[in-house]
Amino acid sequence: MRKFLFLMIFGLVSSVVTQAQQADRLPFAKDKFYTSASLSGFDLNWNKNQSWHMDVAAKCGYLFEDDWMVTATLGYDWYKVGENKFTAGAGLRYYIEQNGLYLGAGANYVHRHQFDDFVPTVQVGYAFFLNRTVTLEPEVYYNLSLKDHNEYSGFGVRIGIGIYFE
C-alpha cells in the first residue's frame, strides 16, 4: 500500500512539474514553430532602381536548437513604376535570448518578368513579445543582388507580426 501511495504521489508531482516546465519554457526554445507576415516598402527602403512600392512577405520557421531557427520565405513586391517581383528563399536566424534581438542571413530567389536573380540577405531585428506567443518584429535588412549590384541591391526596414507555437 505504501508503494502504491508513493507511486501515486510521485506521478502527481511529476505531472505538475512537467506542466510547469512546459509553461516556463524559454521563448526561443527548441522544437517551437514560427509563422509571420511582414510589410516593407512605402519608401522605407532604398536602392538605385527604386520607385514607390510595397513588399508583402510570409515566413515560417522551426527552432531546431535553442535560439537557432531555420526559415522559409515567400514574398511579393508591387512597384508603381517598373516590374513586380516574386521572392522565395530560405535562411537561418539566431536569437540573443537576453534582449530579444536576432541576427539573420539567407538567400532568396527573385523572379521578375525580364530576369531572375539570386539575392543573399542579412537582417537585424527585435522580437517584442505582445503576449507569450505573439511578437511585433521591426527589422533592418540588406539585400545584395548578384545580377546587378548597383541597380538592385539595397537597405530596407520591415515590420512584421510573428507567432511562436509548439
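Residues numbered from 1 in each chain as written. Predicted model: local features only at pLDDT ≥ 70, side-chain atom pairs only at ≥ 80, totals over all residues. Heavy atoms only, no water.

**Quick look at the packing of aromatic side chains**
Moving on, step 1. Tallied over the full model, the rule gives twelve aromatic pairs.
Moving on, step 2. On the numbers, 6.1 Å between centres and 25° between planes, the contact of Phe33 with Phe165 is stacked. A residue pair is termed long-range when its members are at least 10 positions apart, and Phe33 in strand E1 (residues 33-41) and Phe165 in strand E9 (residues 154-165) qualify at 132 residues.
Moving on, step 3. Classification of Phe33 as partly exposed rests on a relative accessible area of 38%.
Moving on, step 4. Judged by centre distance (6.2 Å) and plane angle (70°), the rings of Tyr95 and Tyr164 are edge-to-face. With a gap of 69 residues between them, Tyr95 in strand E4 (residues 85-96) and Tyr164 in strand E9 connect regions that are remote in the sequence. Summarising the burial analysis for this pair, Tyr95 and Tyr164 share the class buried. (Phe/Tyr/Trp six-rings, centres within 6.5 Å; stacked < 30°, edge-to-face > 60°. Helix = DSSP H or I, 4+ residues; strand = E, 2+ residues; numbered from the N terminus. Buried < 20%, exposed > 50% of the residue type's maximum accessible area, 1.4 Å probe, protein only.)

**Here we look at the environment of Gly160**
Moving on, step 1. Here Gly160 shows up in strand E9.
Moving on, step 2. Each C-alpha atom, one on Gly160 and one on Ala37, is 5.5 Å from the other, the two residues being 123 residues apart in sequence.
Moving on, step 3. Setting aside chain neighbours within four positions, we find Gly160 in contact with Ala37, Ser38, Thr135, Leu136 and Glu137. (Contact = heavy atoms within 4.5 Å.)

**Here's the deal with the pairing of strand E3 (residues 68-79)**
Two faces make up the sheet, and in a regular strand the side chains alternate between them.
Moving on, step 1. Burial along E3 is one-sided: Met69, Thr71, Thr73, Gly75, Asp77 and Tyr79 are buried, and none of Trp68, Val70, Ala72, Leu74, Tyr76 and Trp78, which face the opposite way, are.
Moving on, step 2. With twelve bridges connecting them, strand E2 (residues 53-65) and E3 associate as antiparallel partners. The partner of Lys59 across the bridge, within E3, is Thr73.
Moving on, step 3. Counting the residues in the hairpin turn of E2 and E3 gives two residues, including Asp67, whose phi is positive at 75°.
Moving on, step 4. Bridge count between E3 and E4: ten bridges; the pairing is antiparallel. If you follow Thr73 over to E4, its bridge partner there is Gly89.
Moving on, step 5. The antiparallel pairing of E3 with E4 creates a hairpin that spans five residues between the two strands, and Gly82 there sits at a positive phi of about 115°. (Pairing = 2+ DSSP bridges.)

**Here we look at a nonpolar patch on the surface**
Moving on, step 1. A cluster of nonpolar side chains, namely Leu39, Val56, Leu101, Tyr126, Phe128, Leu130, Leu136, Ile159 and Ile161, defines an oily patch on the protein surface of about 730 Å² accessible area.
Moving on, step 2. Overall, the relative accessible area of 52% leaves Leu130 in the exposed class. (Patch = residues over 30% accessible without salt bridge, like charges linked within 9 Å, V, L, I, M, F, W, Y side chains within 5 Å. Areas by Shrake-Rupley, 256 points an atom, 1.4 Å probe, with all protein chains shown as cover. Salt bridge = Lys/Arg side-chain N within 4 Å of Asp/Glu carboxyl O.)

**So, the pattern of salt bridges**
Moving on, step 1. Going through the model one piece at a time under the given rule, you end up with five salt bridges.
Moving on, step 2. Put simply, Glu139 and Arg93 hold a salt bridge, and the shortest N to O gap is 3.8 Å. Of this pair, Glu139 sits in strand E8 (residues 134-143) while Arg93 sits in strand E4, and the two are 46 residues apart along the sequence. Side by side, Glu139 and Arg93 carry an identical accessibility label, which is buried.
Moving on, step 3. The partner of Arg158 in a salt bridge is Glu139, with the nearest N and O atoms 2.5 Å apart. Of this pair, Arg158 sits in strand E9 while Glu139 sits in strand E8, and the two are 19 residues apart along the sequence. Considered together, Arg158 and Glu139 belong to a single accessibility category, that of buried residues.

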